[in-house]
Amino acid sequence: MNEKLEQLEQRYHELQTKVADPNIVSDIATYRDTMKAISEIEEVVTKYRELKHVRKSVADTREMLASLKGEDELRELAELELADLQAKEPMLENDLRVLLQPKDPNDEKNVVLEIRAGTGGDEATLFAQEVFRMYSRYAETQGWRAEVLSSSASAVGGLKEVIAVIEGQKVYSKLKYESGVHRVQRVPATEQQGRIHTSAITVAVLPEADEVEVQIDPKDIRVDTFCSSGPGGQSVNTTYSAVRITHLPTGMVVSCQDEKSQIKNRAKALRVLRSRLYEMKLQEQQKQITEERRSQIGTGDRSEKIRTYNFPQNRLTDHRIGLNLHQLDRVMEGKIDDIIDALIAHYQAEKLKGDGRAAG
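Residues numbered from 1 in each chain as written. Predicted model: local features only at pLDDT ≥ 70, side-chain atom pairs only at ≥ 80, totals over all residues. Heavy atoms only, no water.

### A word on the environment of Val54
- Relative to the helices and strands, Val54 resides in helix H3 (residues 28-67).
- Counting along the chain gives 28 residues from Val54 to Leu82, while the straight-line C-alpha distance between them is 9.9 Å.
- Sequence-distant contacts of Val54, that is, excluding residues within four places in its chain, are made with Leu85, Lys88, Glu89 and Leu92. (Helix = DSSP H or I, 4+ residues; strand = E, 2+ residues; numbered from the N terminus. Contact = heavy atoms within 4.5 Å.)

Printed below as a string of C-alpha cells:
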C-alpha cells in the first residue's frame with residue numbers, strides 16, 4: 001500500500017506543477033482535465049500526508065521519551081501524546097484502504113429517481129409525495145438540481161408516481177443505497193378510530209446513462225402521442241403533447257406528459273428509458289458475480305424492504321444496518337446525512353472485509 005501511495009503523491013506533485021504552467025492554463029481542455037485528475041487523487045494524497053506526519057510524530061515522541069530520564073512530569077505528557085498518535089495511525093491507514101478501493105464508475109453520475117406508491121391506497125400516495133419532498137430538500141442542501149421528468153398525482157394531492165433527474169456532484173455515490181421498499185407506519189388523516197396503518201412505496205435510484213453508454217436504435221422504439229391528463233382523467237390540454245415510448249426488444253414503456261412540448265416530453269422519456277436500459281445492463285453484469293460477492297457489495301434490490309418510518313414514535317429504522325434514529329421529523333425535512341453516511345460506511349466496511357477474505 002505504501003508504494004502505491006508514494007506513486008500517487010509523486011503524481012499529485014507532477015499535476016500541481018503542470019497546472020501552474022501558463023501554457024496549460026491557456027488551454028481550457030487540458031487545464032480542465034488536469035484539474036479533474038488532481039481532484040481524483042487529492043483526498044488520498046492529503047490523507048497519506050497526514051499519516052506520514054503522524055508516523056514521524058510517533059518516531060519523534062519515542063525518541064524524546066528515551067531522552068527524558070528522571071523527568072516524570074514531561075514523560076507523562078509525552079506518553080499521553082504518544083498514545084494519542086498511536087491511536088490515530090491505524091484509523092488513518094483504514095481510511096486510506098477505503099480510499100484506495102476501486103471506485104464505482106457510476107459514483108460521479110447524476111441519477112434518475114423513481115418513486116411509486118405501493119400498498120396503502122391514498123395514504124401511500126401521500127407518503128410518496130413526502131418522500132419525494134425529502135429527497136428534494138436533501139438535494140438542495142447538497143447544491144444539486146432536481147427536475148421532474150414525469151409525475152402522476154392522486155385525488156388526495158399525493159403522488160402515484162414521480163420520476164425526476166437529480167444533477168450535481170457525485171449524486172449516485174450518495175443516493176445509490178436508497179433503492180428498495182420504504183414502509184410508513186402512522187395514523188392517516190382519514191382514520192376516525194386513531195388506528196395505525198402501514199403503507200409502502202418503492203424507490204429506485206438509477207445512474208443516468210449518456211448516449212455513448214446506451215445507444216437506442218430508432219427502429220427499436222415505438223412512439224405514441226396522446227393528450228395530457230390530470231387527476232381523475234381530466235384533460236389538461238387538447239394537443240397531443242404527451243409521449244409514450246415503447247422499447248420493442250424489452251417491452252419497456254416510458255411515458256412523459258409534464259411539458260407542453262411534445263419534443264421536450266420525448267427527450268425526457270428517452271432520458272428515463274436510457275437509464276432503465278443501463279440499469280438492466282448493470283444487473284446482467286451483476287448476475288455474473290458470485291452470490292457471496294454480491295452480498296458483500298449490496299445489490300440495491302428495489303424489492304427489498306429497506307426502511308420503516310414510524311411516525312407515532314418519531315423513529316426511522318434502516319433494516320439493513322440496524323440503524324434507529326429518533327429524529328423522523330428532521331429526516332422528513334431532508335436531513336438524511338446521518339443515514340447516507342452510515343450506509344456508505346457500512347458497505348465500504350463490507351467491501352473491505354470481502355477483499356480481505358479474497359486476499360487470504
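### A word on the pairing of strand S1 (residues 111-117)
- When you tally the buried positions in S1, you get five out of seven residues, the bulk of the element.
- Bridge count between S1 and strand S3 (residues 159-167): six bridges; the pairing is antiparallel. Within S3, the position partnered with Val112 by the bridge is Val165.
- Where S1 lies against strand S5 (residues 197-207), seven bridges are found, and the strand directions are antiparallel. (Buried < 20%, exposed > 50% of the residue type's maximum accessible area, 1.4 Å probe, protein only. Pairing = 2+ DSSP bridges.)

### Some words on helix H1 (residues 2-19)
- Look at H1: 26 Å from first C-alpha to last across 18 residues, which is about the 26 Å you get at 1.5 Å a residue.
- Elements in contact with the buried residues of H1: helix H2 (22-25), H3 and helix H4 (72-99). (Expected span 1.5 Å × (residues − 1).)

### A closer look at the confidence of the model for the chain
- Model confidence for the chain is summarised by a mean pLDDT of 85, while 88% of its residues fall at 70 or above.
- For the stretch residues 231-235, pLDDT sits under 50, and the model shows six contacts to residues farther than four places along the chain or on other chains.
- Per-residue pLDDT stays below 50 along residues 289-301; that stretch engages in 23 contacts with residues further than four places along the chain or on separate chains. (pLDDT = per-residue confidence, 0-100.)

### Some details on the nonpolar core
- If you look at the biggest cluster of nonpolar residues, it comprises 37 residues, and the most contacted ones within it are Ile115, Val131, Tyr135, Leu175, Tyr309 and Val331.
- Taken together, the elements giving at least two residues each to this core come down to S1, helix H5 (122-142), S3, helix H6 (171-175), S5, strand S11 (323-325), helix H9 (328-331) and helix H10 (337-359).
- No other element matches H5, which puts eight residues into this core.
- When residues no more than four places from it in sequence are discounted, the contact partners of Leu175 are Val111, Tyr135, Tyr138, Trp144, Ile166, Val205 and Ile340.
- Core analysis: the second largest hydrophobic core is formed by 23 residues, Leu8, Val45, Leu51 and Leu65 among them. (Core = buried A, V, L, I, M, F, W, Y, C linked by side-chain atoms within 4.5 Å.)

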